[in-house]
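# Per-entry structural report
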Amino acid sequence: MEATGLLKRLLELPGGDQLLRCIQCGTCTGSCPMAEAMDYGPRGLFALVKGGDIEEALHSNTFWFCASCYYCTVRCPREILITDQMYAFKRLAIEQGIKPKVSTLQMYTAFHETVKEDGRLSETKMMRKFLLGSPKDLIKNTSMASLGMKLLRRGRMELKGESVADPDKFRVMLSKARTISPEKDEITSMDSGGAA
Ligand code: SF4
Ligand code: SF4
């Protein structure tokens, strides 16, 4: 499909037209815990589309790496439902047969395990789990590894992860939540090509 057709389709998907309101303030990318691993942060993704390069946007890893944490959505001054927009990108990519460059399941699993262990997200720990759990992605993503080294050198990333005050209590709470709604813990049911 041509760029104009792709844009038309994106805009008609649920949440797909939200990016038109973006003022490029960068709050979303500054808030996003996954931004370091993304080819473009949410702001950059929207800039690509508004600049007419929807093909590049669709071939980026940005929306595949979105962990649906909603940080960006609650902070956007234009009240753009950015997380919904990420789903619209995923849906369009799937429709176009575009697959993620790295294992999305591996990324989700690393995110899930890190939060489960510490009660909060440590980007360093999550990326360590992700890359060690997926050596082929580590080889493919040498640029990501070198970015990680730069961030460490500049003190922008800590090797030691942080956790909530009492991780044991947090895990008890998670177990309780699972007994109430066991189907919500089905992270392993997400497939690498079609995470919704
Ligand atoms: S926070 Fe909202 S307005 Fe700002 S760049 Fe992100 S999407 Fe655009
Ligand atoms: S919802 Fe996705 S894009 Fe938004 S802050 Fe979370 S991971 Fe980043």
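Residues numbered from 1 in each chain as written. Chains lettered and ligands numbered in written order. Predicted model: local features only at pLDDT ≥ 70, side-chain atom pairs only at ≥ 80, totals over all residues.

Lining the immediate surroundings of ligand 2 are 15 residues, of which C32, C66, C69, Y71 and C72 lie closest. Of all the secondary-structure elements, those providing two or more residues to the shell around ligand 2 are α6 (71–75) and α7 (82–95). Sorting elements by how many residues they give to the shell around ligand 2 places α7 first, with three residues. For the shell around ligand 2, the class distribution of residues is 12 nonpolar, three polar and no charged. (Near = placed C-beta within 6 Å. Helix = DSSP H or I, 4+ residues; strand = E, 2+ residues; numbered from the N terminus. Nonpolar A, V, L, I, M, F, W, Y, C, P; charged D, E, K, R; others polar.)

Attention shifts here to the site of ligand 1. Around ligand 1 there are 15 residues in total, and C22, C25, T27, C28 and C76 lie nearest to it. Looking at the shell around ligand 1, the element that brings in the most residues is helix α3 (residues 42–50), giving three residues. Split by residue class, the shell around ligand 1 holds 10 nonpolar, three polar and two charged.

Here α3 has its buried residues at P42, R43, L45, F46, L48 and V49. At its buried positions, α3 is contacted by α1 (3–12), α2 (27–31), α4 (54–58), α5 (62–65), α6 and α7. (Buried ≥ 20, exposed ≤ 12 C-beta atoms within 10 Å, placed from the backbone. Contact = placed C-beta atoms within 7 Å.)

This part is about unusual backbone geometry. At Q24, a position not held by glycine, the phi torsion is positive, near 60°. Secondary-structure assignment places Q24 in the loop between α1 and α2. The class for Q24 is exposed, based on 12 C-beta atoms found within 10 Å. A positive phi angle is found at Y70, which is not glycine, with a value near 70°. For Y70, the position within the fold is in the loop between α5 and α6.

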